[in-house]
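Spelled out from the first residue to the last, the chains are:
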Amino acid sequence: YVGADAGVNFLQDSDVKPKDNSGSTTAGSDTGYALQAHGGYAFKPFSFATPRAEAEVAYRNSGLKSLTDVADSSGDTSSLSLMTNGVLSFLPDRSWHPFVGAGIGMSRISAEWKVNGNKVVDDSDWVFAYQAFAGVSYDLTKNWELSAQYRYFGTQDPEFSDNSGDKAKGEY
């Protein structure tokens, strides 16, 4: 099977801490968007569920809303992820199918932040990523389904360098 998803991305505020622990700042984010494509294999259904294994590529982007103690900040934070997921889709003989899943992989977290119109961070980092999701799908036809889901996506803390070469770790 193959599929594509589009949705809203709610990136939580991120604490950014310099490597020398000399303080920290908080990066607030606007509501963004997420785009995903996945493909996989649906195994033989059990009486109550169908196990699936899939590979996924996803892109998430959220604008920078604020930086602590900075009046004029802009930019965005994004993630390009490559994931392997396990999914369990329930009620294989029905039109409605609740499902749950989890996955692991890698994500390239990118930050492009400006203060007073000048770039202060323009860097990216590949980090370990993980996710869990749940939702429901409805069979439109034998080969098409429509789904709604909630997805929690997390990563290890990425490390970025600012324009002066100082490194800091943030949250994603």
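Conventions we followed
- Residues numbered from 1 in each chain as written.
- Predicted model: local features only at pLDDT ≥ 70, side-chain atom pairs only at ≥ 80, totals over all residues.
- Heavy atoms only, no water.
- Helix = DSSP H or I, 4+ residues; strand = E, 2+ residues; numbered from the N terminus.
- Buried < 20%, exposed > 50% of the residue type's maximum accessible area, 1.4 Å probe, protein only.
- Contact = heavy atoms within 4.5 Å.
- Areas by Shrake-Rupley, 256 points an atom, 1.4 Å probe, with all protein chains shown as cover.
- Core = buried A, V, L, I, M, F, W, Y, C linked by side-chain atoms within 4.5 Å.
- Phe/Tyr/Trp six-rings, centres within 6.5 Å; stacked < 30°, edge-to-face > 60°.

Q: How would you explain the overall build of the protein if you had to name every residue and give the values?
A: A tally of regular secondary structure across the protein gives zero helices and eleven strands. Across its three principal directions, the C-alpha atoms of the protein cover 60 × 25 × 20 Å. The burial tally for the protein puts 35% of its 172 residues in the buried class. Considering only intrachain contacts with a sequence separation of at least 6, the fraction spanning at least 24 residues in the protein is 59%. A total of about 10000 Å² of accessible surface is found on the protein, and carbon and sulfur atoms cover 56% of it.

Q: For the nonpolar core, give the residues involved together with the corresponding values.
A: The nonpolar side chains of soluble globular proteins are, as a tendency, buried together. Within the largest apolar cluster, 17 residues are counted, with the highest numbers of intra-cluster contacts made by L67 and W113. In terms of residue count, the dominant contributor to this core is strand β7 (residues 96-115) (four residues). For W113, the residues in contact, after removing those within four places along its chain, are V16, A27, L64, L67, S74, G75, D76, T77, N118, K119, V120 and V121.

Q: Pulling in residues and values, what's your account of the packing of aromatic side chains?
A: Across all of its chains, the model carries seven aromatic pairs by this definition. Ring centres of Y41 and F43 lie 4.9 Å apart, and the angle between their planes is 80°; this geometry places the pair in the edge-to-face category. When the centroid spacing of 4.6 Å and the interplanar angle of 45° are considered together, the rings of W96 and Y138 count as tilted. A residue pair is termed long-range when its members are at least 10 positions apart, and W96 in strand β7 and Y138 in strand β8 (residues 118-139) qualify at 42 residues. Its relative accessible area of 52% is what places W96 among the exposed residues.

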